[in-house]
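Remarks on the overall topology
What follows is each chain in one-letter form.
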Amino acid sequence: MKSEGFETVWIQLCTGSSVDIRVRYYRRSCDRRNGKRYKGAYAGLILLGVHDRCSPALASMVSSWSALLSSFEEIRQVLCDRGMTLDIKVIRKLTYRYAERARAEQQAGRIPLNDGDLLEGRRVVISTDGGRTRLREKKRGPKTKKDRTRFRGAWREPKFLIIYVVDAQGKQ
């Protein structure tokens, strides 16, 4: 990695305020494109857990609300009620990238447990849920005779995995 020097970066906090930080920017020495932004990373922020220029608490809050609420518009409204203004595109990007990092952690098998989190002698519930849904994705190319956009309707099968510990009465 090659250092491109220090840059001032603002980080959005879960309180609605933002903080300016000077951070060193790194890129691979071969990733130089004509007039475009380099493809690199802020290594200091990544070590602190800051991705996509928002605090880990904000990313966690937005991604958990996206799992609970039915649309990104509702999440935007909840954030506006708390004094934070985030665009729907930003909310979508935060949610998808947070899920991508969580999936990578699961596949690597590095989900950390605390010292007292041993499952020996406990009742553990593991439930899965899933289904099929068909999403319309716009196709490139000419429109139909009636000036409609063609689409591709690929089937997706989302899977949910829930793991929790219950007591003798079956309560969490």
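Everything here concerns the structure above.
Residues numbered from 1 in each chain as written. Predicted model: local features only at pLDDT ≥ 70, side-chain atom pairs only at ≥ 80, totals over all residues. Heavy atoms only, no water.

**Observations concerning the overall build of the protein**
For clarity, the threshold we go by: Each helix is a run of H or I in the DSSP string that is no shorter than four residues. Each strand is a run of E no shorter than two, and both are numbered from the N terminus. A simple rule labels every residue: compare its accessible area, found with a 1.4 Å probe on the protein chains alone, to the largest value its type can have, and call it buried under 20%, exposed over 50%, or partly exposed in between. Residue contacts are defined here by distance: any two heavy atoms, one from each residue, within 4.5 Å place the two residues in contact. To measure how exposed things are, a 1.4 Å probe is used in the Shrake-Rupley method; for residues, cover is taken only from the protein chains shown.
Per the secondary structure count, the protein includes four helices and seven strands. Order of helices (α) and strands (β) in the protein, N terminus to C terminus: β-β-β-α-α-α-α-β-β-β-β. The 172 residues of the protein split such that 16% are buried. Long-range pairs, those at least 24 residues apart, make up 42% of the contacts in the protein with a sequence separation of at least 6. Carbon and sulfur atoms make up 51% of the accessible area of the protein, which totals about 13600 Å².

**Notes on helix α2 (residues 56-68)**
The condition is simple: Expected helix span is computed as 1.5 Å times (number of residues minus one).
Look at α2: 18 Å from first C-alpha to last across 13 residues, which is about the 18 Å you get at 1.5 Å a residue. Regarding α2, the residues found buried are L58, A59, M61, V62, S63, W65 and S66. Of the surrounding elements, those touching the buried residues of α2 are β1 (2-12), α3 (72-81) and α4 (88-108).

**Side note on unusual backbone geometry**
Positive phi, close to 60°, is recorded for R53, a residue that is not glycine. Mapped onto the secondary structure, R53 falls in the loop between α1 (43-47) and α2. Of note, the phi angle at D147 is positive, near 60°, even though the residue is not glycine. With respect to the helices and strands, the residue D147 is situated in the loop between β5 (133-138) and β6 (151-156). A relative accessible area of 56% means that D147 is categorised as exposed.

**A short note on the sheet that holds strand β2 (residues 18-27)**
Here is the rule: Whether two strands pair comes down to DSSP finding at least two bridges between them.
Across the sheet, three strands lie side by side as β1-β2-β3; this open sheet has antiparallel pairing. Looking at which strands have only one partner, the edges of the open sheet turn out to be β1 and β3 (40-41). Inspection of the sheet shows β1 paired to β2 by nine bridges, in the antiparallel sense. From the neighbouring strand, F6 faces β2, where its bridge partner is R24.

**A closer look at a nonpolar patch on the surface**
For clarity, the threshold we go by: Only residues whose relative accessible area exceeds 30% and that take part in no salt bridge are eligible for patches, with like-charged residues grouped when within 9 Å of each other and nonpolar side chains (Val, Leu, Ile, Met, Phe, Trp, Tyr) grouped when within 5 Å. The working definition used for a salt bridge is a side-chain nitrogen of Lys or Arg within 4 Å of a carboxyl oxygen of Asp or Glu.
Together, L119, V124, I126, L161 and I163 give the surface a local cluster of nonpolar side chains, amounting to about 480 Å² of exposed area. Going through the elements one at a time, β4 (123-130) and β7 (159-166) are the ones with two or more residues in the nonpolar patch. In this structure, V124 sits in strand β4.

**Observations regarding α4**
The following threshold applies: By definition, the arc is the one covered by directions from the helix axis to the C-beta atoms.
Taking 1.5 Å of rise per residue, the 21 residues of α4 would be expected to cover 30 Å, and the 30 Å separating its terminal C-alpha atoms lies within 8% of that figure. Where α4 is concerned, the buried positions are I91, L94 and T95. Looking down the long axis of α4, one finds its buried residues gathered within 95° of arc, a one-sided arrangement. Residues of α4 that are exposed and point more than 90 degrees away from the buried face comprise K89, E100 and Q107.

**Topic: the pattern of salt bridges**
Across all of its chains, the model carries four salt bridges by this definition. For E4, the salt bridge identified is with R27, shortest N-O distance 2.6 Å. Here E4 is found in strand β1, whereas its partner R27 is found in strand β2, with 23 residues between them in sequence. D52 is the salt-bridge partner of R97, the closest N and O atoms lying 2.7 Å from each other. Taken together, the residues span a long stretch of sequence, with R97 in helix α4 and D52 in the loop between α1 and α2 at a distance of 45 residues. Exposure remark for R97: the relative accessible area of 39% places this residue in the partly exposed category. Taken together, the shared-partner salt bridges in this structure form one network comprising D52, R97 and R101.

Functional significance is not addressed by these values, which are geometric in nature.
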